[in-house]
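Descriptive structure summary
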Amino acid sequence: MERGIGSGGAFAWFFQRISGAVLVLALLLHFWVLHYSNQGEVTFEIVAQRLATPVWKTIDLTFLVLAVIHGFWGFLMIVRDYVHSKNMRLFLVAAVWTVGLVIAVMGALTIIGFHPPLPVAPPEQLGGMVQ
Amino acid sequence: MRYKWKSGQWAFVLHRVSGVALSFYLIMHIYVVSSLYDPQNFDTVMAFLNQPLFKILEIGLLAAVVFHGLNGIRVMMIDFANATRVHAQIFWVVLAVSAVLIAVGAVPFLMHAGVLGH
């Protein structure tokens with residue numbers, strides 16, 4: 001098989017299968033957590049409780065990275081299969097990588113950068129601390 | 001590229017089409033969730049997405065996820081578990097199980113959208 005621009009070779013083939021298997025399990029968890037626990041309600045408070053913990057940050061970050069690589073590698077395979085003009089292929093491969101990186105960074109910033117807003121304590125609890 | 005329209009080719013094309021749809025959804029999803037930087041902003045976005053239109057669209061998302069995931073398991077069975085000889089039979093199982101899961105899974109969405117009664 002021709003190994004043109006954007007071809008990932010055997011590693012890409014293997015990675016799609018392994019990440020796909022993990023993504024099936026991750027999606028089951030994602031679906032359960034978002035649509036069954038808390039009666040399927042998705043509010044800031046509920047999401048914030050999870051996303052404030054390091055364990056969930058790690059799970060979500062793994063899920064994000066695998067999903068983006070899996071999806072964008074899929075785009076690259078489609079480009080490889082249908083686009084034969086060298087320039088067009090170079091352009092599309094560059095575009096897929098750019099959008100993929102932007103979306104991965106955007107997602108990572110949301111997860112890593114998330115910190116719950118400080119709870120507003122009623123004045124009597126602050127006691128003498130407030131001058 | 002020439003396609004012979006047998007089950008394997010249908011599986012291949014459906015896998016690609018659902019995969020592309022899911023990747024575009026992923027882009028939108030990450031963008032929407034980035035509204036988490038502000039609590040009010042996030043709840044406004046979620047309330048907007050609670051409209052019946054999006055509930056109906058989510059049935060399409062469910063269909064793409066279910067088929068792509070189940071057919072992905074079929075692909076792994078072919079590649080790693082020597083299932084090449086029965087790939088066509090597994091495809092029919094994938095279609096049947098997908099149809100059931102999508103039909104059952106669509107019910108809550110339709111109820112939420114007000115299409116089915118509560």
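Rules used throughout
- Residues numbered from 1 in each chain as written.
- Chains lettered and ligands numbered in written order.
- Predicted model: local features only at pLDDT ≥ 70, side-chain atom pairs only at ≥ 80, totals over all residues.
- Helix = DSSP H or I, 4+ residues; strand = E, 2+ residues; numbered from the N terminus.
- Buried ≥ 20, exposed ≤ 12 C-beta atoms within 10 Å, placed from the backbone.
- Rg over C-alpha atoms; globule rule 2.2 N^0.38 Å.
- Contact = placed C-beta atoms within 7 Å.
- Core = buried A, V, L, I, M, F, W, Y, C linked by C-beta atoms within 7 Å.
- Expected span 1.5 Å × (residues − 1).
- Nonpolar A, V, L, I, M, F, W, Y, C, P; charged D, E, K, R; others polar.
- pLDDT = per-residue confidence, 0-100.
- Axes fitted to C-alpha atoms, helices over the stretch in contact; angles between N-to-C directions.
- Parallel < 35°, antiparallel > 145°, perpendicular 65-115°, else oblique.
- Left-handed = near helix turned anticlockwise from the far one by under 90°.

Right, let's talk about the overall build of chain A for a bit. A count of helical and extended segments in chain A gives five helices and zero strands. Helices and strands appear in chain A in the N-to-C order α-α-α-α-α. Out of the 131 residues belonging to chain A, those deemed buried represent 19%.

Along chain B, the regular secondary structure elements total four helices and zero strands. If you list the helices and strands of chain B from N to C, you get α-α-α-α. Relative to the 2.2 N^0.38 estimate, which gives 13 Å for 118 residues, the radius of gyration of chain B is 18 Å and therefore markedly larger than a compact globule would have. With the C-alpha coordinates of chain B rotated into their principal frame, the extents come out at 55 × 35 × 30 Å. Across the 118 residues that make up chain B, the buried fraction comes to 19%. By sequence separation, contacts in chain B at least 24 residues apart represent 69% of the contacts at least 6 residues apart.

Here we come to the nonpolar core. Counting 14 residues, the largest nonpolar core has A:V68, A:F72, A:F75, A:L76, A:V79 and A:V96 as the members making the most contacts within it. For this core, the secondary structure elements donating two or more residues are helix 3 (54–82) and helix 4 (86–112) of chain A. At eight residues, helix 3 of chain A tops the list of elements feeding residues into this core. Grouped together as the second largest cluster of nonpolar side chains are five residues, B:L22, B:V65, B:V66 and B:F67 included.

Another aspect to go through is helix 1 (residues 9–35) of chain A. If you check helix 1 of chain A, its first and last C-alpha atoms are 38 Å apart, about what 27 residues at 1.5 Å a residue would give, namely 39 Å. Among all positions in helix 1 of chain A, only A:Q16, A:G20 and A:L23 are buried.

This next bit is on the interface of chain B and chain A. The interface of chain B with chain A comprises 21 residues on the first partner and 22 residues on the second. Elements with a minimum of two residues in the side of chain B that touches chain A: helix 1 (7–33), helix 2 (39–49) and helix 3 (52–80) of chain B. Counting residues per element, the side of chain B that touches chain A draws most heavily on helix 1 of chain B, at nine residues. Of the residues assigned to the side of chain B that touches chain A, the class counts are 13 nonpolar, five polar and three charged.

Residues and elements named next belong to chain B. Phi at N82 is positive, roughly 55°, even though this residue is not glycine. Within the secondary structure layout, N82 lies in the loop between helix 3 and helix 4 (87–112). On the basis of neighbour count, N82 is assigned to the exposed category, with 9 C-beta atoms found within 10 Å.

When pLDDT is averaged along chain A, the result is 85, and 83% of the positions lie at 70 or above. Mean pLDDT in chain A bottoms out at helix 5 (residues 123–126) of chain A, which sits at 58, and peaks at helix 4 of chain A, which reaches 95.

This part covers the packing of helix 3 of chain B against helix 4 of chain B. For any two helices packed against each other, the geometry comes down to the angle between their axes and how far apart the axes lie. Residues and elements named next belong to chain B. Across the interface, helix 3 lies against helix 4 with an axial gap of 9 Å and an inter-helix angle of 155°. Considered as vectors, helix 3 and helix 4 are oriented roughly antiparallel to each other. When you trace helix 3 past helix 4, the crossing you get is right-handed. Here the residues of the contact of helix 3 with helix 4 sort into 17 nonpolar, five polar and three charged.

A few words now on the environment of A:P116. Residues and elements named next belong to chain A. Take P116: it is sitting in the loop between helix 4 and helix 5. P116 sits in the partly exposed class, given 13 other C-beta atoms within 10 Å. Sequence separation between P116 and A52 is 64 residues, and the spatial gap between their C-alpha atoms is 6.3 Å. Aside from chain neighbours lying at most four places away, what touches P116 is A48 and A52.

Running from N to C, helix 4 of chain A and helix 1 of chain B cross one another at 35°; their axes reach a closest spacing of 9 Å. Relative to helix 1 of chain B, helix 4 of chain A is oriented so that their crossing is left-handed. Facing A:I103, A:M106, A:G107 and A:T110 of helix 4 of chain A, the residues of helix 1 of chain B in contact are B:I27, B:I30, B:Y31 and B:V33.

Residues and elements named next belong to chain B. Tracing the backbone through its elements, the reader meets L53 in helix 3. A tally of 9 C-beta atoms within 10 Å means that L53 is categorised as exposed. With 59 residues separating them along the chain, L53 and H112 place their C-alpha atoms 10 Å apart.

Okay, the confidence of the model for chain B next. Here chain B averages 90 in pLDDT, and 97% of its residues register 70 or above. Complex prediction metrics read pTM 0.86 and ipTM 0.87.

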